[in-house]
6 protein chains.
Amino acid sequence: MRIQVINPNTSLEMTVSIGESANKVAVANTEIIAVSPEEGVPSIEGHYDEAISAIGVLKLVQQGREQGVDGHVIACFGDPALHAAREVADAPVIGIAEAAFHMATLIATKFSIVTTLSRTKIIAEHLLHQYGFAHKCAQIRCIDLPVLDLENNEQATYQKLLENCLAAKQQDGIGAIVLGCGGMAKLAERVAAEIDIPVIDGVTAAVKLIEALHGLGIKTSKWGDYNYPEQK
Amino acid sequence: MRIQVINPNTSLEMTVSIGESANKVAVANTEIIAVSPEEGVPSIEGHYDEAISAIGVLKLVQQGREQGVDGHVIACFGDPALHAAREVADAPVIGIAEAAFHMATLIATKFSIVTTLSRTKIIAEHLLHQYGFAHKCAQIRCIDLPVLDLENNEQATYQKLLENCLAAKQQDGIGAIVLGCGGMAKLAERVAAEIDIPVIDGVTAAVKLIEALHGLGIKTSKWGDYNYPEQK
Amino acid sequence: MRIQVINPNTSLEMTVSIGESANKVAVANTEIIAVSPEEGVPSIEGHYDEAISAIGVLKLVQQGREQGVDGHVIACFGDPALHAAREVADAPVIGIAEAAFHMATLIATKFSIVTTLSRTKIIAEHLLHQYGFAHKCAQIRCIDLPVLDLENNEQATYQKLLENCLAAKQQDGIGAIVLGCGGMAKLAERVAAEIDIPVIDGVTAAVKLIEALHGLGIKTSKWGDYNYPEQK
Amino acid sequence: MRIQVINPNTSLEMTVSIGESANKVAVANTEIIAVSPEEGVPSIEGHYDEAISAIGVLKLVQQGREQGVDGHVIACFGDPALHAAREVADAPVIGIAEAAFHMATLIATKFSIVTTLSRTKIIAEHLLHQYGFAHKCAQIRCIDLPVLDLENNEQATYQKLLENCLAAKQQDGIGAIVLGCGGMAKLAERVAAEIDIPVIDGVTAAVKLIEALHGLGIKTSKWGDYNYPEQK
Amino acid sequence: MRIQVINPNTSLEMTVSIGESANKVAVANTEIIAVSPEEGVPSIEGHYDEAISAIGVLKLVQQGREQGVDGHVIACFGDPALHAAREVADAPVIGIAEAAFHMATLIATKFSIVTTLSRTKIIAEHLLHQYGFAHKCAQIRCIDLPVLDLENNEQATYQKLLENCLAAKQQDGIGAIVLGCGGMAKLAERVAAEIDIPVIDGVTAAVKLIEALHGLGIKTSKWGDYNYPEQK
Amino acid sequence: MRIQVINPNTSLEMTVSIGESANKVAVANTEIIAVSPEEGVPSIEGHYDEAISAIGVLKLVQQGREQGVDGHVIACFGDPALHAAREVADAPVIGIAEAAFHMATLIATKFSIVTTLSRTKIIAEHLLHQYGFAHKCAQIRCIDLPVLDLENNEQATYQKLLENCLAAKQQDGIGAIVLGCGGMAKLAERVAAEIDIPVIDGVTAAVKLIEALHGLGIKTSKWGDYNYPEQK
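Each chain has its residues counted from 1, running along the sequence as written. Chain labels run from A onward and ligand labels from 1 onward, assigned in the order the entries are written. With the structure being a predicted model, the display of local features is reserved for residues of pLDDT at least 70 and the display and counting of side-chain atom pairs for 80 or more, all residues being used for whole-chain, interface and lining totals. To obtain the side-chain values, all non-hydrogen atoms of the structure were used and water was disregarded.

**Q** For this particular structure, what's the right way to read the overall build of chain A?
**A** From N to C terminus, chain A includes 9 helices and 8 strands. Its C-alpha atoms give chain A a radius of gyration of 16 Å, within 12% of the compact-globule value 17 Å for 232 residues. Taken along the three principal axes of its C-alpha coordinates, chain A extends 50 × 35 × 35 Å. Residues count as neighbours in contact if any of their non-hydrogen atoms are within 4.5 Å of one another. Relative to all contacts within chain A whose residues are 6 or more apart in sequence, the contacts with residues 24 or more apart total 72%. Computed by Shrake-Rupley with a 1.4 Å probe, the accessible areas treat only the displayed protein chains as cover when residues are assessed. Roughly 7400 Å² of accessible area belongs to chain A as shown, and the carbon and sulfur atoms make up 46% of that amount. Side chains of chain A give 18 positive and 28 negative charges; the mean places of these two sets differ by 4 Å. Only DSSP runs of H or I covering at least 4 residues are called helices, and only runs of E covering at least 2 are called strands; the numbering of each starts at the N terminus. The globule rule is 2.2 Å times the number of residues to the power 0.38, and the radius of gyration it is compared with is taken over C-alpha atoms. His is not counted, nor are the chain ends; Lys and Arg add positive charge and Asp and Glu add negative charge. Positions of charges follow a simple convention, taking NZ of Lys, CZ of Arg, CG of Asp or CD of Glu.

This is the structure we're talking about:
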């Protein structure tokens with residue numbers, strides 16, 4: 001099977017890194033196709049960046065569908081264009097925020113999110129509220145470094161991330177941590193090992209959920225509001 | 001003062017009709033600038049159409065800001081790109097769904113929505129949930145005719161609309177009706193007169209809310225997540 | 001048009017100050033009629049004061065209706081007798097708490113309230129819950145000075161108010177502040193200027209919302225539970 | 001011990017009937033003092049009637065406190081002036097709506113309410129929402145006869161009540177019925193016997209809850225917002 | 001009348017102490033039958049302990065029903081097997097967590113819980129959420145001593161309890177405290193006297209609620225999901 | 001890897017059938033170990049049956065852990081003893097209700113449940129509420145045939161199931177159907193094929209979720225309330 005992993009921003013380094021994370025967990029016969037839009041924003045750090053990224057995401061989903069992929073991952077923690085992508089696709093489409101939330105609730109009664117800039121906090125809150133997980137999230141913590149520092153300034157961001165995860169573990173009354181950025185995928189394992197608590201990254205979680213749905217023969221429903229877009 | 005009224009779809013007839021509705025309620029010294037994007041979708045009837053429309057909306061908001069307008073109305077009932085537009089703008093930005101919901105709750109304890117296609121119902125539900133008005137909406141009723149019929153097939157859509165509004169009045173235990181499409185603005189007064197219950201249209205409601213905020217000297221907050229988009 | 005601004009307590013100084021605030025934002029041809037009950041409580045600082053004030057508010061609304069006013073503002077942050085007043089009135093009736101909440105949510109994703117005594121906090125919470133804005137209010141902060149100090153001890157209350165607003169700005173993750181007392185209306189502008197964040201006062205917000213509804217030709221719904229009181 | 005049962009309307013017949021219902025369930029050494037205000041409304045059928053009744057209720061609570069009663073029941077299904085009464089009282093104060101809701105949830109997972117006029121439905125909804133029982137109430141059914149018909153037209157109201165209770169039993173997926181009016185107290189037992197499902201009346205429920213709190217030595221908390229009203 | 005008070009753990013000392021607390025508040029003609037299962041866990045401090053205790057609780061309820069008791073109290077703060085017990089019983093069954101929550105909300109607008117181990121916090125949260133009281137609970141505080149210390153190490157646990165109750169009173173903005181363990185019943189009065197705020201213990205609260213329901217002639221509903229278990 | 005699939009009732013036929021369903025979707029190298037308790041109830045159709053089944057489930061989980069299985073599925077739609085099982089296990093534990101809900105929300109915005117007896121409806125509601133999916137479930141429909149008819153009376157139950165699924169598809173405004181009983185697993189594919197809408201069965205969904213978690217190297221969190229039961 002083939003899974004299209006879409007990095008909604010234009011940062012190629014991040015696309016590669018996300019693709020690598022996805023590959024690490026995919027089963028042997030799953031091919032990961034990591035892609036990013038030609039045009040858009042280099043990183044997604046707010047409502048505007050997200051809205052702008054939608055068109056690129058949707059083009060890539062359409063392209064993936066034409067290639068006959070078996071699932072699409074939207075690898076940005078705001079799950080941009082998720083509902084729209086499901087109209088375009090027939091295979092399953094999964095956002096990394098929802099993927100991480102679902103997985104976290106299966107192994108802990110409460111989780112905290114550790115994400116990048118404070119201004120993105122509201123996006124996570126909106127998603128938690130819409131998906132129904134608000135009462136399961138104890139805290140959203142922000143390292144307050146820009147997304148691209150995950151590529152350019154890895155040691156410093158790792159340090160900040162670690163501190164925040166440790167604080168979450170000790171103060172929030174939680175059982176698991178959700179990483180709030182696709183670019184953090186590569187750091188999940190290291191953090192988890194260091195602080196000894198489950199750390200969920202949405203990229204890898206989404207890949208496994210796509211594989212799971214595929215194994216069940218379940219695709220995006222075409223009955224109702226996820227039907228293909230209306231032709232005018 | 002000048003208010004930019006953005007029709008997020010490319011249907012010029014609808015832009016004109018929305019502009020006229022806006023003009024009817026604007027005070028004497030308010031200039032209405034009705035605009036629509038050059039590229040996009042001719043009507044918005046689902047998640048995809050909405051996501052696609054975002055980029056056009058944001059360009060127009062940016063343009064309006066450069067022109068120094070005093071407020072922006074997003075005249076599609078899904079409030080597409082609302083949060084993103086507030087990052088771009090400094091003047092207030094109001095979506096017609098939220099405008100109608102706010103106004104309805106000021107004059108009735110419960111309202112019903114009458115909108116176009118059934119597939120758009122979930123969009124209204126998501127907004128009600130996010131804004132906090134879910135417990136005030138008794139019912140969402142759909143006339144199940146496409147948006148563009150509001151231009152091309154006015155008599156039939158009016159009839160369907162009327163029937164649904166009447167049913168809402170008689171069966172839903174409500175005090176007001178919210179019209180769920182910018183293209184219905186022109187019909188609000190006629191329906192209200194015919195069935196004798198307050199009928200709220202979001203286009204006109206949004207214009208008056210912009211005027212109200214302007215009169216208070218209150219603009220979109222630039223403290224927090226509505227600050228201008230991050231420069232990379 | 002004429003708007004009746006009701007101060008539900010008997011403090012005439014506050015009635016005058018509220019009337020002045022209302023006048024500042026009303027459009028040229030709007031006449032503000034600031035009134036207060038002959039009997040009642042000198043300030044409203046709890047459930048009891050509020051319940052006692054209801055009868056005076058309702059008499060004034062009735063009187064305003066006989067005078068043919070175009071809207072009524074209930075200028076106490078507990079919105080006392082709001083639903084009852086809407087039964088008596090046919091013009092719109094708006095409480096200053098709801099007015100401030102509505103306006104705040106149009107320009108920020110989260111707000112904090114700064115109010116007077118701690119014991120009134122629960123009243124604001126009940127309103128937030130009933131109106132649907134609970135998830136948009138980050139914090140309710142109390143200056144813990146009595147309402148009448150706003151008239152008698154203005155410099156000290158201003159100082160306390162300022163400190164609390166600043167703390168809200170810096171610690172609450174918000175985009176706007178709502179002032180939790182009609183008597184604070186006169187201080188809104190000064191605070192906003194000093195701490196540079198939108199500060200919403202309900203008195204002025206309510207006046208503009210009444211003007212907005214009036215401009216839309218929308219009155220309190222007489223269909224359903226806001227119909228005139230049952231005759232026995 | 002002595003329990004003051006306050007009928008918030010001025011209908012003496014109803015005061016007597018409520019007092020009799022209270023007496024039936026009170027233990028041997030409990031004295032029921034059934035009272036009603038001298039001035040007010042003959043029946044409570046909306047927001048206005050309720051607001052008007054508050055002042056009479058509060059005077060009676062104050063009077064009861066001076067007499068040293070051990071608890072106060074507010075015997076109108078809207079629980080008018082409940083929070084205010086708790087500021088005035090030191091003994092416990094219980095509204096009949098809350099009493100009925102609490103009792104119903106102890107013996108069934110879901111209940112329906114059968115009440116009088118449709119326009120009072122919203123009052124019950126607001127209470128359910130505020131108290132936290134909204135998800136336990138399956139349905140609010142209205143017999144659509146005025147409150148005073150319970151005194152003047154008993155056979156017809158009983159018939160309507162019975163029909164609605166039966167429909168609730170058969171269609172709502174519930175385990176108990178809550179009667180939504182103090183005037184229905186006298187009919188509870190008869191309905192319960194006839195349709196064989198627990199029928200909860202708030203008057204009797206409130207009396208027993210007062211006795212229960214009294215037996216625990218627990219009074220209205222004077223720490224926090226139920227403290228005595230502020231002296232100005 | 002006879003009330004069966006079930007201590008779901010096997011600690012006989014606790015059964016005796018709970019029985020004594022129950023007896024203190026029961027009316028003269030109420031006989032308290034304090035029982036505990038022969039097999040099970042010596043204390044209940046988590047999901048597992050609770051699940052394990054269910055079978056013992058249900059056997060005792062069955063036994064109580066055969067003895068014709070008039071009500072059953074499940075005296076563990078997790079309300080283990082509550083819904084199941086109601087299927088088995090025909091008399092009322094009340095858990096001490098729900099009993100305490102109900103009573104607290106009748107005399108204060110907000111309460112805090114003081115309980116034993118941090119790991120049991122989630123159980124209280126699940127109950128608050130299910131019963132509908134989540135918005136009335138300001139804080140859950142844990143003394144972080146095991147349940148059996150309440151028997152074996154009474155002075156130290158009392159001290160910890162007192163400190164936490166005092167902190168709750170001063171910091172949580174509440175009007176009452178709920179004790180989160182059956183073993184704390186005997187300490188309620190002493191704490192209340194020392195810190196002067198209502199302190200609710202669920203054991204005594206449940207006894208009085210059973211008496212109240214009994215006085216109303218209301219039993220567990222056998223219409224719907226609390227009907228006797230299906231025979232296979 | 002090895003997954004233990006626990007049928008919480010004692011019906012061996014159902015254990016076999018559930019095991020077969022699980023096997024169908026498991027990947028090649030996953031071994032399914034289908035087990036059921038020696039003692040317990042032959043089918044689970046209410047709160048009591050569920051509580052009784054807990055002890056058997058927990059013994060089996062403990063046994064599975066000693067065998068070193070990589071995950072546990074609790075194959076009854078009430079997810080009995082789920083939280084308790086997670087304390088006992090270190091591998092992931094998944095209930096079939098939660099599994100189905102999670103999967104359904106990944107491919108549709110709304111779903112309906114079709115389950116067995118009406119009296120089990122409340123169990124599904126409690127789970128939806130606790131997990132956070134209540135607003136995503138449009139309807140719970142009951143075929144009102146006992147669980148064991150799924151083994152003994154397959155044609156009739158299939159017919160009833162089909163009718164209810166079809167009604168859900170046509171009337172509920174949904175995109176997917178969740179089957180509300182482990183015994184229905186074997187019918188999922190056939191129903192889905194016949195009515196052409198995604199039909200989610202929790203047994204198969206849970207197996208795939210276990211595989212997914214295993215692939216991520218994520219186990220039940222031992223930090224916090226899912227830690228091993230307290231030793232006394």
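Now that the structure has been shown, the text picks up again.
**Q** When you look at the interface of chain B and chain A in this model, what are you seeing that I'm missing?
**A** By a widely used convention, the size of an interface equals the accessible area lost when the partners come together. Facing the 30 residues of chain B at the interface are 30 residues of chain A. By buried area we mean the combined loss of accessible area, with a 1.4 Å probe, across both parts when two parts are placed together. Contact between chain B and chain A buries roughly 2700 Å² in total, counting both sides, with carbon and sulfur atoms accounting for 64%. One side-chain nitrogen of Lys or Arg within 4 Å of one carboxyl oxygen of Asp or Glu is enough to make a salt bridge. Linking chain B with chain A are 8 salt bridges. Across the pair Lys232(B) and Asp49(A) runs a salt bridge, and its minimum N-O distance is 2.6 Å. For the purposes of these results, a polar contact is taken to be a pair of N or O atoms within 3.5 Å, where, inside protein, one atom must be able to donate a hydrogen and its partner to accept one; residues adjacent in sequence count only when each atom of the pair is a side-chain atom. Summed over the shared surface of chain B and chain A, the result is 22 residue pairs in polar contact (both at pLDDT 80 or more). Of all the secondary-structure elements, those providing two or more residues to the side of chain B that touches chain A are α2 (47-66), α3 (82-88) and α5 (121-131) of chain B.

**Q** Even after reading the chapter, I still don't get the relation of the copies chain B and chain A, so can you show me in this structure?
**A** Each of the two copies of the chain can be brought onto the other by a rotation about an axis and a shift along it. The copies were overlaid by least squares, fitting only the C-alpha atoms of residues that reach a pLDDT of 70 or more in each copy. Superposing chain B onto chain A requires a rotation of 180 degrees together with a translation of 0.0 Å along the rotation axis, leaving an RMSD of 0.0 Å. Each copy turns onto its partner about a two-fold axis. Interface overlap between copies: 100% of the residues of chain B at the interface are likewise at the interface in chain A, consistent with a symmetric, same-surface contact.

**Q** Just to check I follow, could you spell out the environment of Asp201(D) for this structure?
**A** All names here are of chain D. Summarising the element assignment, Asp-201 is placed in strand β8 (residues 199-201). Per-residue accessibility, obtained with a 1.4 Å probe over protein chains only, is compared with the maximum for each type, and a residue is labelled buried under 20%, exposed over 50%, and partly exposed between these values. Judged by its relative accessible area of 3%, Asp-201 is buried. A sequence separation of 26 residues divides Asp-201 from Gly-175, and the C-alpha atoms of the two residues are 15 Å apart. Aside from chain neighbours lying at most four places away, what touches Asp-201 is Ala-185 and Ala-188. Separated by 3.1 Å, the side chain of Asp-201 and the backbone nitrogen of Val-203 make a polar contact. Here the side chain of Asp-201 touches Thr-204 through a polar contact of 2.8 Å, side chain to side chain.

**Q** I keep staring at the sheet that holds strand β4 (residues 93-95) of chain B and nothing clicks. Help me out?
**A** All names here are of chain B. Spatial ordering of the open sheet is given by β2-β1-β3-β4, a layout of 4 strands whose pairing is parallel. A strand with exactly one partner marks an edge of an open sheet, and here the two such strands are β2 (31-35) and β4. Mean inter-strand twist for the sheet, computed between neighbouring axes without regard to direction, equals 20 degrees. Paired strands are those between which DSSP finds at least two bridges. Relative to strand β3 (residues 71-74), strand β1 (residues 2-6) runs parallel, the two sharing 4 bridges. By the bridge assignment, Ile-3 is partnered in β3 with Gly-71. To get an axis, fit a line to the C-alpha atoms, keeping to the stretch in contact for a helix; angles then go from 0 to 180 degrees between the N-to-C directions.

**Q** Quick question: what am I supposed to make of the interface of chain A and chain F here?
**A** Contact with chain A, which involves 43 residues of that partner, is made by 43 residues of chain F. Note on chain A versus chain F: buried area summed over both sides is about 3300 Å², and carbon and sulfur give 67% of it. Of all residues in chain A, Leu106(A), Ile107(A) and Trp223(A) give up the largest surface area on contact with chain F, accounting jointly for 22% of the area buried on that side. Where chain A touches chain F, the interface holds 0 salt bridges. Connecting chain A to chain F are 15 residue pairs in polar contact (both at pLDDT 80 or more). The set of elements that each furnish at least two residues to the side of chain A that touches chain F consists of α3 (82-88), β4 (93-95), α4 (96-107), α5 (121-131), β8 (199-201) and α9 (202-216) of chain A. The biggest single contributor to the side of chain A that touches chain F is α9(A), with 9 residues.

**Q** Can you walk me through the domain arrangement of chain A in this structure?
**A** Residues and elements named next belong to chain A. Where a domain begins and ends is set by an automatic assignment or by a domain database. Assigned domains of chain A: these are domain 1 (2-95 + 205-216) and domain 2 (97-202). Distance between the C-alpha centres of domain 1 and domain 2: 19 Å. With 27 residues of domain 1 at the interface, the matching set in domain 2 holds 33 residues. Where domain 1 abuts domain 2, roughly 2200 Å² becomes buried across the two surfaces, and 61% of that area is made up of carbon and sulfur atoms.

**Q** Help me understand the side chain of Thr204(A), please; the structure alone is not making it clear to me.
**A** You can see Thr204(A) is positioned in helix α9. When residues no more than four places from it in sequence are discounted, the contact partners of Thr204(A) are Ser21(A), Val25(A) and Leu216(F).

**Q** Which parts of the structure should I look at to understand the pattern of salt bridges?
**A** Note on pairing: side chains with opposite charge can pair once their charged atoms come close. Enumeration over the complete set of coordinates arrives at 66 salt bridges over all chains. Put simply, Lys110(B) and Glu125(D) hold a salt bridge, and the shortest N to O gap is 2.3 Å. Highlighted residues: Lys110(B) in the loop between α4 (96-107) and β5 (111-115) and Glu125(D) in helix α5 (residues 121-131), drawn from two different chains. Here Lys110(B) falls in the buried class, since its relative accessible area comes to 14%. For Glu211(F), the salt bridge identified is with Lys208(F), shortest N-O distance 2.8 Å. Taken together, the positions of Glu211(F) and Lys208(F), both in helix α9 (residues 202-216) and 3 residues apart, correspond to about one turn of that helix.

**Q** Just checking my understanding: could you explain the pairing of strand β5 (residues 111-115) of chain E for this structure?
**A** Each regular strand carries side chains that alternate between the two faces of the sheet. Residue and element names in this part refer to chain E. Buried residues dominate β5, accounting for 5 of its 5 residues. Taken together, the 5 bridges between β5 and strand β7 (residues 176-180) define a ladder with parallel strand orientation. For Phe-111, the partnering residue across the bridge sits in β7 and is Ala-176. Pairing of β5 with strand β6 (residues 137-142) involves 5 bridges; the strand directions are parallel. Across the sheet, residue Ser-112 finds its bridge partner in β6, namely Gln-139.

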